[in-house]
Amino acid sequence: MNFPKELKYSKSHEWVKEEADGTALIGLTDYAQNELGDLVFVNLPQEGDSLAAGEAFADVESVKAVSDVFSPVSGVVAEVNEELADAPELMNKDPYGAWLIRAGEITGTEELLDAEAYEAFAKEQE
Amino acid sequence: MKLLFERSVPGCGCTILPACDVPLVELDAAKREQALHLPEVSENEISRHYTELAKETHGVNDGSYPLGSCTMKYNPKINEVAAALPGFTKIHPLQPDHTAQGCLEVLQTAEKLLCEITGMDRMTFQPAAGAHGEFTGLLLIKAYHDHRGDTKRTKIIVPDSAHGTNPASAVMAGYQVINIPSRADGCVDLEVLRAAVGEDTAGLMLTNPNTVGLFDKNILEITRIIHEAGGLNYYDGANLNAVMGLVRPGDMGFDVIHLNLHKTFSTPHGGGGPGSGPVGCKAFLQDYLPETGAQSIGRVKAFHGNFLVVVKALNYILMLGREGILQASQNAVLNANYLRKKLSGVYDMAYDETCMHEFVMSLEQEKHEESVSALDVAKALLDYGIHPPTMYFPLIVHEALMVEPTETESKENLDELIRAFLEIHEKAKTDPEYIRSAPHTTTIKRLDEVAAARNPKLRYEF
């Protein structure tokens, strides 16, 4: 299981990559994709939708189940990764490359976990 | 096997039509732009096609079907005899009421008996199945609040162990869903519930026994909390098979319920059923029911819903009688506990205590140690002629297998089921690859479910 040091994490298993321009990329962690199994569909929000920390902004479907994806931060959706609509398997193959959305006007990052704390949390879940 | 379209031979058919004896008229405006593509096959070919399909499926008539939360009990053949009586089949829903008294009596008697079983005052048979019933029931709750001018009640509370249809139906009915976490034992956390209710609470959706097969002993307190906050309680009848004749949703504090006649009341379930999801309510909600007057929520389906399914369910209730209905539930609980007890110690039980009509096992340990998952065990059961249990549900248990044997399996069948489960577990240790590649003896082997879901082919390409 991979927990890149430069990312921040939520307890609902999303990662946040803060970029130099003040936006942040959000995706599903390696742990999450492994637990969900092969992903077959993703339902993404629209650009301009508002994000509230802890509330669902997307859902993903695996062979097992449909699961909500919760926003780790508050803000607005600045960009959506359209590539995932045709290739949801990217979230399994490259969880930290396959971002779901880019968030702008973000707040609430101070609540997030660092890689070490998230790794410990994920281990606890097993 | 060949698809019906692949059996098609131009010019083949089942009927020879007489020559057309009226002038031929071309309807230009209504002309089809695409070819119709009906398969051209003889009756013999059609018969063989469906027989071949039947051979590749597994139904209650083929073997055990312990599909958790689905109550796949045996469908008594006498139900079909009753539903095929010409008085029920050779009738039109628009013919005058005085010529359809027998059918109306069936509906009234079924309503009376189902209300007695559930503790409700009135019932509608329009909803076509469970989720449709949920939607209808929520519209009753909405109508109740709206008619009181209480329009700020916008939220429905649903525990995280609920069936996925519950939050989906609430959203369909225009509500916002408040998902509350369950306790470790799958029951409602009273403190969390108290914190979640308020002036915006329209209602609560719950099954009892709950999704992990446990009876929530705090049920009276739960429904009281909702009532005191001004909300109504909705009972999802998915698990009623555990408690018929023992306890009634109406006495537990529920105001609206739906039943699944195709689960609890022995009407066919798979293959399109069709289902039937009657909705019952307390008297104070009866004016909002679909068939009633000015305050009605309106029709949710034509006429009286899937009427012949109601005939079958009524037949079942009358055949069992008061004592039989109670015994059916008692035996459903007994069978589940026999199975659970015989498997615990080998399989890890998610909740190792006396269960109701079903129980949940977790294959998490096997997945970590032998890389044998719940899916693999489910597939391996196919080699024993047993339908797999429900997999990966409820979501609160990892690698879940949810087993509901129902009351209609004999002890011999249960012992066969136990033997299969134990052999699979043993084989997973000695030859895990064999289980990971199961089934081995069925005509269709392991399917690539991921490819099927990612690239679905939903129709035949001409």
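Look up a bit, the structure's there.
The rules we used
Residues numbered from 1 in each chain as written. Chains lettered and ligands numbered in written order. Predicted model: local features only at pLDDT ≥ 70, side-chain atom pairs only at ≥ 80, totals over all residues. Heavy atoms only, no water. Disulfide = S-S within 2.5 Å. Buried < 20%, exposed > 50% of the residue type's maximum accessible area, 1.4 Å probe, protein only. Salt bridge = Lys/Arg side-chain N within 4 Å of Asp/Glu carboxyl O. Helix = DSSP H or I, 4+ residues; strand = E, 2+ residues; numbered from the N terminus. 1 Å grid on protein atoms, 1.4 Å probe; cavity = no way out; pocket = protein on both sides within 12 Å on 5 of 7 lines; lining within 4 Å. Points joined across faces, edges and corners; volume = space filled by probe spheres on them. Patch = residues over 30% accessible without salt bridge, like charges linked within 9 Å, V, L, I, M, F, W, Y side chains within 5 Å. Areas by Shrake-Rupley, 256 points an atom, 1.4 Å probe, with all protein chains shown as cover. Pairing = 2+ DSSP bridges. Axes fitted to C-alpha atoms, helices over the stretch in contact; angles between N-to-C directions. Contact = heavy atoms within 4.5 Å.

### Describing the state of the cysteines
Residue and element names in this part refer to chain B.
Item 1. Evaluated as defined, the whole model comprises 0 disulfides over all chains.
Item 2. Cys 14 supplies the cysteine sulfur nearest to Cys 12, a cysteine that is in no disulfide, at a spacing of 8.9 Å.
Item 3. Judged by relative accessible area, which is 35%, Cys 12 ranks as partly exposed.

### Overview of the pattern of salt bridges
Residues and elements named next belong to chain B.
Item 1. With the rule as written, the count across this model stands at 32 salt bridges over all chains.
Item 2. With a shortest N-O distance of 2.8 Å, Glu 449 and Lys 379 are connected by a salt bridge. Taken together, the residues span a long stretch of sequence, with Glu 449 in helix H17 (residues 449-454) and Lys 379 in helix H14 (residues 374-382) at a distance of 70 residues.
Item 3. Several salt bridges share partner residues, and in doing so they unite Glu 191, Arg 194, Glu 221, Arg 224 and Glu 228 into one network.

### Observations regarding the layout of surface pockets
All names here are of chain B.
Item 1. Taken as a whole, the second largest pocket encloses approximately 640 Å³ of empty space.
Item 2. Lining the second largest pocket are 24 residues, and of these Glu 56, His 58, Leu 382, Pro 388 and Thr 442 lie nearest its centre.
Item 3. Broken down by secondary-structure element, the contributors of at least two residues to the lining of the second largest pocket are H14 and strand E10 (390-391).
Item 4. Top element by residues in the lining of the second largest pocket is H14. It accounts for 4 residues.

### With respect to a nonpolar patch on the surface
Item 1. The grouping of B:Met1, B:Tyr50 and B:Leu53 at the surface amounts to a nonpolar patch, some 290 Å² of accessible area in total.
Item 2. Note on placement: B:Tyr50 falls in helix H2 (residues 43-55).

### A few points about the sheet that holds strand E5 (residues 232-236) of chain B
Residues and elements named next belong to chain B.
Item 1. Pairing is mixed across the open sheet formed by 7 strands, whose spatial order is E1-E7-E6-E5-E4-E2-E3. Strands at the two margins of the open sheet, each flanked by one partner only, are strand E1 (122-124) and strand E3 (176-180). Looking at each pair of strands side by side, their axes are set apart by 20° on average, direction ignored.
Item 2. Bridge count between strand E4 (residues 201-206) and E5: 4 bridges; the pairing is parallel. Bridge pairing in E5 places Gly 203 opposite Leu 232.
Item 3. Where helix H6 (residues 130-147) meets the sheet, its contacts fall on strand E2 (155-159), E4, E5, strand E6 (256-258) and strand E7 (279-281), and the angle it forms with E5 comes to roughly 170°.
Item 4. Together, E2, E4 and E5 form the strand contacts of helix H9 (residues 219-228), whose direction differs from that of E4 by roughly 160°.

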